[in-house]
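Listed here are the chains, written in short residue letters.
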Amino acid sequence: MMILVTGATGNVGRPLVGILADAGVPVRAVTRTPHTASLPDGVDVVRADPSDPGTLAVALDDVDAVFINPRAVGHAAAALVALAEKRDVRRAVVLAASNVDEDPARQPSRYRGDYNREAEQAVTASGMEWVSLRPTTFAGNVIGLWAAQIGAGDVIRGPYARAAAAPIDERDIAEVAAHALRRDDLLGERLEVTGPASLTQEEMVAIVGTAIGRPLRYQEVPPEVARQIMVAQGFPEQFAVAYLRMQADAARQPARTTQVVTEVLGRDAGTFASWAERHREAFLAASGPRVPGGRR
């Protein structure tokens, strides 16, 4: 069995490649920049652009299953799936999202290139065996949203303090993906993959604070102010607007949680606290040395 992984250096692709390699499964990792990939020894690293499927024609030789990352393939999911079928690839596992069926205006990731709906539709309409993974909010999203503010002080400013999510450790998504690529028990399923608990923004900030040894707190600001902060941090305007709509909805009730990780892997999903502890250096790097009085 040879498994081809698109998005091989991403938040899910990188741990997926490592999990498969550690299990002794032949892996072909696709990246646009192989010289910076830093993937495990023994992995077949291929320079190609998944958003231009023609560059993957040779890479699909002898491939049994493919992992499709929407951000990596962009608008080319249907073309890539058609090419994979032509090259006799038997199975596709696609990374979608828990909100894939919702109004696109409430799917902020679309404005950063995650065409989850199109990728899932291409895979499920194909003649290949398929599994769709629909994870909830990635735990790692808070690094991009909060790290800069943590570097400036102990207060995280944002909208809707009570907005809830069930953040999922990206490593758990990767382990479920590895299972789906190698085994047959999940075929034809759309799996909503969540973390183990619903947490508010306030609770998540406090958890990150514990992980880095600082008393962080969340300060709610009006949505318009939050939009301005996000745009100033470099987020696209449309992303900020969609994110705020999603957060407004999330403030109305606890986040849905599922037992998919437990059912598939036979263990509990990783907690947000364990994820934060494992990634504390990402926040500490932004923090710099402490200044007396808690200011930066």
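Residues numbered from 1 in each chain as written. Predicted model: local features only at pLDDT ≥ 70, side-chain atom pairs only at ≥ 80, totals over all residues. Heavy atoms only, no water.

*Asks:* Is there a simple way to explain empty space enclosed by the protein in this structure?
*Replies:* Where empty space is left becomes clear once a probe the size of a water molecule has been rolled over the atoms. Under the defined criterion, the tally for this structure stands at one cavity of 30 Å³ or more. Around the largest cavity sit 14 residues that line it, and Leu145, Trp146, Arg157, Gly158 and Pro159 are the ones nearest its centre. Elements with a contribution of two residues or more to the lining of the largest cavity: helix H5 (141–152), strand S7 (155–158) and helix H8 (223–232). (1 Å grid on protein atoms, 1.4 Å probe; cavity = no way out; pocket = protein on both sides within 12 Å on 5 of 7 lines; lining within 4 Å. Points joined across faces, edges and corners; volume = space filled by probe spheres on them. Helix = DSSP H or I, 4+ residues; strand = E, 2+ residues; numbered from the N terminus.)

*Asks:* What's the story with unusual backbone geometry in this structure? I'm lost.
*Replies:* The phi angle of most residues is negative, glycine excepted, and most peptide bonds adopt the trans form. Here the phi dihedral of aspartate 62 falls at roughly 65°; this positive angle occurs in a residue that is not glycine. Its place among the elements puts aspartate 62 in the loop between strand S3 (44–47) and strand S4 (65–68). Owing to a relative accessible area of 71%, aspartate 62 belongs among the exposed residues under this scheme. You will see that aspartate 88, though not glycine, has its phi angle at about 65°, which is positive. Within the element layout of this structure, aspartate 88 appears in the loop between helix H3 (77–86) and strand S5 (91–95). (Buried < 20%, exposed > 50% of the residue type's maximum accessible area, 1.4 Å probe, protein only.)

*Asks:* Mind showing me how you'd approach H8 here?
*Replies:* Since there are 3.6 residues in each turn of an α-helix, residues three or four apart along the chain are aligned in direction. Of all the positions in H8, only Ala226, Arg227 and Met230 are classed as buried. One face of H8 carries all of its buried residues, which in axial projection span an arc of 105°. For H8, the secondary structure elements touched by its buried residues are H5, S7 and helix H9 (237–250). One or two positions beyond H8, positive phi appears at glycine 234, with a value near 105°. (Arc of directions from axis to C-beta. Contact = heavy atoms within 4.5 Å.)

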